[in-house]
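Results of the structural survey
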Number of protein chains: 2
Amino acid sequence: MNFCSQCGDKVRFAIPEGDDRQRYLCDACGTIHYQNPRIVAGTLPVSGSKVLLCKRAISPRKGYWTLPAGYMENAESTQQAASRETREEACAEVELANLYTLIDLPHINQVYMIFRAELVGGFSAGPESLEVALFEEHEIPWDELAFMTIERTLKHFYADRPRNEFPLHISMVTPEDRERYFGSA
Amino acid sequence: MNFCSQCGDKVRFAIPEGDDRQRYLCDACGTIHYQNPRIVAGTLPVSGSKVLLCKRAISPRKGYWTLPAGYMENAESTQQAASRETREEACAEVELANLYTLIDLPHINQVYMIFRAELVGGFSAGPESLEVALFEEHEIPWDELAFMTIERTLKHFYADRPRNEFPLHISMVTPEDRERYFGSA
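Everything numeric here is computed off the predicted structure, so don't read it as measured data.

**A closer look at the sheet that holds strand β1 (residues 12-14) of chain A**
What links the strands of a sheet is backbone hydrogen bonding, and the strands pair in either a parallel or an antiparallel sense. Residues and elements named next belong to chain A. One open sheet accounts for three strands, arranged β1-β2-β3; its pairing is antiparallel. The sheet is open, and its two edges are formed by β1 and β3 (32-33), each paired on a single side. By the bridge criterion, two bridges tie strand β2 (residues 23-25) to β3 in an arrangement that is antiparallel. Looking at β3, one finds that Y24 is bridged to H33.

In structure tokens, the structure reads:
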């Protein structure tokens, strides 16, 4: 951020009076530009014993497999966001079950919220997907998953499925986890 | 938003190519300024049979009672945000239990996430609170609560407490709910 989105003047990065962390400040109009984490909402769509995955057609991680998920938009609920992303990426309708994983990624200011869901009807690749397919557990392309959040959600699912109990799992991905996952590149 | 925070040029509000909703666009540098909901993280601090509430020292709803909660910051987790807000508003340390209410407010682009928590040690009013106190159920100032999200979280708590089971409650506050709560003002 270089300029004030209200008045167009240059901003500086400093701690406002009475605050305890640096913000982008506009001395001209007095606006403090707060920046906050974004929610990535999505689903784990299940059909019988199979799970739906989407092969990404866009960066980052183009060509890797993911669960349908994306940034929550203004003026929608978390559940509406999860359903909308599933519709957009997999052309699929789902019936949402419980919130299943909540994963904080503080180093990139994201909070993942993945809902379990039951696939209703068909599916096909939306504009952001190269391919959409159903996978049995032994078919999951573990080495070709797009993000650690996706791997973790799938691991929880297969660990929980034998008991048929799917409690909410809250966890964090640290920069060290991320480096392990992506390698040092 | 009037100006591009990257280059300082004027922005316009229109649907970008390949998108389906209006964004602030900069024709000069090509930046699309996405805007997304913010998370309000907080706790329901419990001590024995009592619940901790804070009387707000700041707008909005100055003088009304609330649970300690506030905007999640970049570079922290949802649980860290909930604990930090409790420390700032009530000078209190807590041990977090489960995520208890997740309440979407799509008309004001907020997502409330309140964790149940056990109060550890003392408390006092932080700079954003006029007063902090513990309440038995019959002492809760129902007509002087700051927000509908707080009322709803407390109602869930007292409904769940007899069974000693506190599952996550996901719900939405609509503009109609809000009008009922605040009156037409």
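Having seen the model, we can carry on.
**Quick notes on the relation of the copies chain B and chain A**
By a simple turn and slide, chain B fits onto chain A: the slide is 0.0 Å along the axis, the RMSD is 0.0 Å, and the turn is 180°. The transformation just described matches what one would write down for a two-fold rotation axis.

**Regarding the domain arrangement of chain A**
In terms of domain boundaries, chain A breaks down into domain 1 (1-35) and domain 2 (38-182). Using only C-alpha atoms to locate each centre, domain 1 of chain A and domain 2 of chain A end up separated by 36 Å.

**Observations regarding the interface of chain B and chain A**
A common way to report how large an interface is uses the accessible area buried once the components associate. Each partner contributes to the interface: chain B provides 40 residues, whereas chain A provides 40 residues. Taken over both partners, the interface formed by chain B and chain A buries close to 3300 Å², and the fraction arising from carbon and sulfur atoms is 51%. Joining chain B to chain A, the criterion identifies four salt bridges. Between A:E73 and B:R21 there is a salt bridge, with its nearest N and O atoms 3.7 Å apart. Where chain B packs against chain A, one counts 16 residue pairs in polar contact (both at pLDDT 80 or more). Mapped onto the side of chain B that touches chain A, the elements with two or more residues apiece are β4 (38-47), α1 (78-90), β8 (93-105), β9 (110-120) and β11 (169-172) of chain B.

**Overview of the sheet that holds strand β3 (residues 32-33) of chain B**
Residues and elements named next belong to chain B. Ordered in space as β1-β2-β3, the three strands form an open sheet in which the pairing is antiparallel. Looking along the sheet, the strands with just one partner apiece sit at the ends: β1 (12-14) and β3. With three bridges joining them, β1 and strand β2 (residues 23-25) adopt antiparallel strand pairing. When the sheet's bridge partners are listed, F13 is paired in β2 with Y24.

Reading the values: rules and limits
- Residues numbered from 1 in each chain as written.
- Chains lettered and ligands numbered in written order.
- Predicted model: local features only at pLDDT ≥ 70, side-chain atom pairs only at ≥ 80, totals over all residues.
- Heavy atoms only, no water.
- Pairing = 2+ DSSP bridges.
- Helix = DSSP H or I, 4+ residues; strand = E, 2+ residues; numbered from the N terminus.
- Least-squares fit on C-alpha atoms with pLDDT ≥ 70 in both.
- Domains from an automatic or database assignment.
- Contact = heavy atoms within 4.5 Å.
- Buried area = accessible area lost by both parts, 1.4 Å probe.
- Salt bridge = Lys/Arg side-chain N within 4 Å of Asp/Glu carboxyl O.
- Polar contact = N/O pair within 3.5 Å; in protein donor to acceptor, adjacent residues only side chain to side chain.

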